[in-house]
Amino acid sequence: MVGTAVVSAGTAVKSFSLGTSEAQLCTWTDGLRRKDWHDYETIQRDALRSGKGEHGKPYPLNEEDQDDTVYRENGFNIFVSNNIALERSLPDIRHPNCKHKLYLEKLPNTSIIIPFHNEGWTSLLRTLRSVINRTPDSLIEEIIFVDDFSDRGRF
């Protein structure tokens, strides 16, 4: 990140740069401490990844792999889902201003509920890996999968 943040701590005003190597922690005028929750090491490692489906890019199919019936069962090509990495990189689609935002240092933990119905297993596993890899451990209380009366086999 590039820029400068100015915060008031009591009567003093502190100014500091928003650099990627700095541990961000500061107290706002409301008295609440905020920090930079970004995992820059993972962001940089993901940026270097390459392969089919990485960074949300298309997975090229040859003629024999182009079967429209696979779309009817899942609403997406399960062949592709089964052949891309479970821990793939994704593009950051946030508004640029959101990338520089500091959030409260102490956030409540949460339950993550993932409902599904006849979902392809690889897409569910990819969702689980994304949640685990992109959420600080201290913020996850539990992850709950809710099967909405699927008629396929279980986990």
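Placed above this text is the structure.
Computed from a prediction, not measured in an experiment: that's the story for all the values here.

**Observations concerning the packing of aromatic side chains**
Geometrically, a pair of aromatic rings is defined through the distance of the ring centres and the angle of the planes.
Argument step 1. Within this structure, the stated rule accounts for three aromatic pairs.
Argument step 2. Aromatic side chains Y59 and F79 sit 6.5 Å apart centroid to centroid with 90° between the ring planes, which places their arrangement in the edge-to-face category. With Y59 in the loop between helix 1 (40-47) and helix 2 (69-74) and F79 in helix 3 (residues 78-83), this pair connects stretches of sequence that are 20 residues apart.
Argument step 3. Judged by relative accessible area, Y59 falls into the buried class, the value being 17%.
Argument step 4. Among the residues examined, F79 registers a relative accessible area of 31% and is labelled partly exposed.
Argument step 5. Ring geometry for F116 versus W121: centroids 6.3 Å apart, planes at 70°, classification edge-to-face.
Argument step 6. Taking the relative accessible area as the measure of exposure, W121 reaches 32% and is therefore partly exposed.
Argument step 7. Linked through ring pairs, F116, W121 and F145 together constitute an aromatic cluster.

**Examining helix 1**
In an α-helix, one full turn covers 3.6 residues, which means residues spaced three or four apart are oriented alike.
Argument step 1. Listing the buried residues of helix 1 in full gives Y40, T42 and D46. For helix 1, the buried positions fall inside an angular range of 160° around the axis, keeping them on one side. More than 90 degrees from the buried face of helix 1, the exposed residues found are E41, Q44 and A47.
Argument step 2. Here the buried face of helix 1 lies against helix 4 (121-134).

**As for the nonpolar core**
Argument step 1. With five residues, the main nonpolar core is built from I112, I114, F116, L124 and V131.
Argument step 2. Those elements giving two or more residues to this core turn out to be strand 6 (110-116) and helix 4.
Argument step 3. Looking at which element gives the most residues to this core, the answer is strand 6, with three residues.

**Points about the pairing of strand 7 (residues 140-147)**
Two faces, one strand: in a regular strand the side chains alternate between the faces of the sheet.
Argument step 1. Summarising the sheet, strand 6 and strand 7 pair through seven bridges and their orientation is parallel. The residue of strand 7 that forms the bridge with I112 is I143.
Argument step 2. One crossover worth recording links strand 6 to the parallel strand 7 by way of helix 4, and it is right-handed.

**Concerning the sheet that holds strand 3 (residues 25-27)**
Argument step 1. Taken together, the three strands give an open sheet; going across it, the order is 3-4-5, and neighbouring strands pair in antiparallel fashion. With one partner strand each, in any of the chains shown, strand 3 and strand 5 (103-104) form the two edges of the open sheet.
Argument step 2. Across two bridges, the pairing between strand 4 (residues 33-35) and strand 5 is antiparallel. Residue pairing for strand 5: R34 is matched across the bridge by L104.

**Regarding the pattern of salt bridges**
Pairing between side chains of opposite charge can happen when the charged atoms of each approach one another.
Argument step 1. A complete count under the given rule lists seven salt bridges for this structure.
Argument step 2. Between D46 and R134 there is a salt bridge, with the nearest N and O atoms lying 3.7 Å from each other. Highlighted residues: D46 in helix 1 and R134 in helix 4, separated in sequence by 88 residues.
Argument step 3. Given a relative accessible area of 17%, D46 falls into the buried group.

So, how was this worked out
Residues numbered from 1 in each chain as written. Predicted model: local features only at pLDDT ≥ 70, side-chain atom pairs only at ≥ 80, totals over all residues. Heavy atoms only, no water. Phe/Tyr/Trp six-rings, centres within 6.5 Å; stacked < 30°, edge-to-face > 60°. Helix = DSSP H or I, 4+ residues; strand = E, 2+ residues; numbered from the N terminus. Buried < 20%, exposed > 50% of the residue type's maximum accessible area, 1.4 Å probe, protein only. Arc of directions from axis to C-beta. Contact = heavy atoms within 4.5 Å. Core = buried A, V, L, I, M, F, W, Y, C linked by side-chain atoms within 4.5 Å. Pairing = 2+ DSSP bridges. Right-handed = clockwise from strand over helix to strand, strands pointing away. Salt bridge = Lys/Arg side-chain N within 4 Å of Asp/Glu carboxyl O.

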